[in-house]
Amino acid sequence: MKIMVIGSTGRTGKHVLTQGVNRGHEITAFARRPELLADRAGLAGVHQGDAHDLEAVRRAVQGQDAVIAAVGGSRIAATLITAMHEHGVRRVVMTSSRSVPATRPRLAVSLAWLFFREAYVDLARAEGMLQVSGLDWSIARATMLNDKPPAGRVHIDFEANATGGAMQLSRADYATALLDTVEDPALIGKALGICGPR
Ligand SMILES: NC(=O)c1ccc[n+]([C@@H]2O[C@H](COP(=O)([O-])OP(=O)(O)OC[C@H]3O[C@@H](n4cnc5c(N)ncnc54)[C@H](OP(=O)(O)O)[C@@H]3O)[C@@H](O)[C@H]2O)c1
């Protein structure tokens, strides 16, 4: 697939790039600061730009089969939805957080909302925008991310509250789940909760 990756210099995004290239996808990196890309080998393209800038996103989205937004947010969702409709690109996977819909474990969720309320409200808005976008969307809600080596497995569920799985998730495993999701048409229109494996 031809996949454009937003957030490609990020800690999850960089894994999406390398794993995506290794899977044989034509990966285009979109970044505000492409000079931070550690390894451009195998990339089909690099676009410099801010994902809030509709013109920049339009240029990068043109000719792609899919977009992975390895960074979430309502302004990014807004530009993406517009640019994707204009260029007939339908498949999009966007990151979000398990804390957005979760009510349990109560203490952990309350504390997370205390500290990250603004980010979660914006992610909830981004999720809502995607859900009514008419695009082939999937939302990948991660638990707490870390930079440990990949376990090679994740726990996925479709509930508001985690039905199992570990609270910590390696960003490398999260990237694998994002690529698995973009490749799987059965996950269109689904919001996945992604945790570490037990
Ligand atoms: N961190 C967690 O524990 C956690 C938990 C649950 C879910 N998530 C989700 O996972 C995503 C990835 O997390 P992460 O920790 O891997 O992210 P990260 O390392 O902070 O990377 C974010 C990336 O997004 C880029 N970016 C931000 N705003 C942008 C914009 N307007 N235009 C273009 N690029 C932009 C940043 O680029 P610059 O270098 O230019 O800033 C950076 O490359 C988060 O966005 C969130 O949705 C995270």
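Residues numbered from 1 in each chain as written. Predicted model: local features only at pLDDT ≥ 70, side-chain atom pairs only at ≥ 80, totals over all residues. Heavy atoms only, no water.

(A) Quick peek at helix 2 (residues 54-61). Residues of helix 2 that are buried include every one of Ala56, Val57, Ala60 and Val61, and no others. Taken around the axis of helix 2, the buried residues stretch over an arc of 125°, which confines them to a single face. Capping of helix 2 at its N-terminal end is provided by Asp53; its side-chain oxygen lies 3.1 Å from the backbone amide nitrogen of Glu55. Gly63 sits one or two residues past helix 2 and shows a positive phi near 85°. (Buried < 20%, exposed > 50% of the residue type's maximum accessible area, 1.4 Å probe, protein only. Helix = DSSP H or I, 4+ residues; strand = E, 2+ residues; numbered from the N terminus. Arc of directions from axis to C-beta. Polar contact = N/O pair within 3.5 Å; in protein donor to acceptor, adjacent residues only side chain to side chain.)

(B) Examining the nonpolar core more closely. Within the largest apolar cluster, 25 residues are counted, with the highest numbers of intra-cluster contacts made by Val61 and Leu80. Counting only elements with at least two residues in this core, the list comes to strand 1 (2-6), helix 2, strand 4 (66-69), helix 3 (74-87), strand 5 (91-97), helix 4 (106-131) and strand 6 (136-142). Broken down by element, this core gets its largest block of residues, 6 residues, from helix 3. Excluding its chain neighbours within four sequence positions, the residues that come into contact with Leu80 are Ile6, Val57, Val61, Val67, Ala69, Val92 and Met94. (Core = buried A, V, L, I, M, F, W, Y, C linked by side-chain atoms within 4.5 Å. Contact = heavy atoms within 4.5 Å.)

(C) Summary view of the site of the ligand. Residues in contact with the ligand amount to 21 residues; listed here are only the nearest, Thr9, Thr12, Arg32, Arg33 and Ala51. Here Asp50 contributes a side-chain N or O atom positioned 2.8 Å from a nitrogen atom of the ligand. Within the backbone of Gly72, an N or O atom sits 3.3 Å from an oxygen atom of the ligand. A total of 920 Å² of accessible area belongs to the ligand in isolation, and the protein chains cover 78% of it. Contributions of two or more residues to the shell around the ligand are made by strand 5 and helix 5 (171-183). At 3 residues, the largest contribution of residues to the shell around the ligand is made by strand 5. (Near = heavy atom within 4 Å. Areas by Shrake-Rupley, 256 points an atom, 1.4 Å probe, with all protein chains shown as cover.)

(D) Highlighting the UniProt feature "domain: NAD(P)-binding" (unreviewed entry) in the chain. Sequence positions flagged by UniProt for "domain: NAD(P)-binding" (unreviewed entry) are, in local numbering, residues 7-185. Here residues 7-185 is 40% helix and 21% strand, with 23 Å between the C-alpha atoms at its ends. (UniProt positions renumbered as here; feature names shortened; annotations may be inferred.)

(E) Looking closely at the environment of Leu43. Along the chain, Leu43 falls in the loop between strand 2 (26-31) and strand 3 (45-48). What makes Leu43 buried here is its relative accessible area of 16%. For the pair Leu43 and Trp113, spaced 70 residues apart in sequence, the C-alpha separation works out to 37 Å. Dropping the residues within four chain positions of it, Leu43 is found in contact with Leu17, Val21, Ile27, Ala29 and Leu37.

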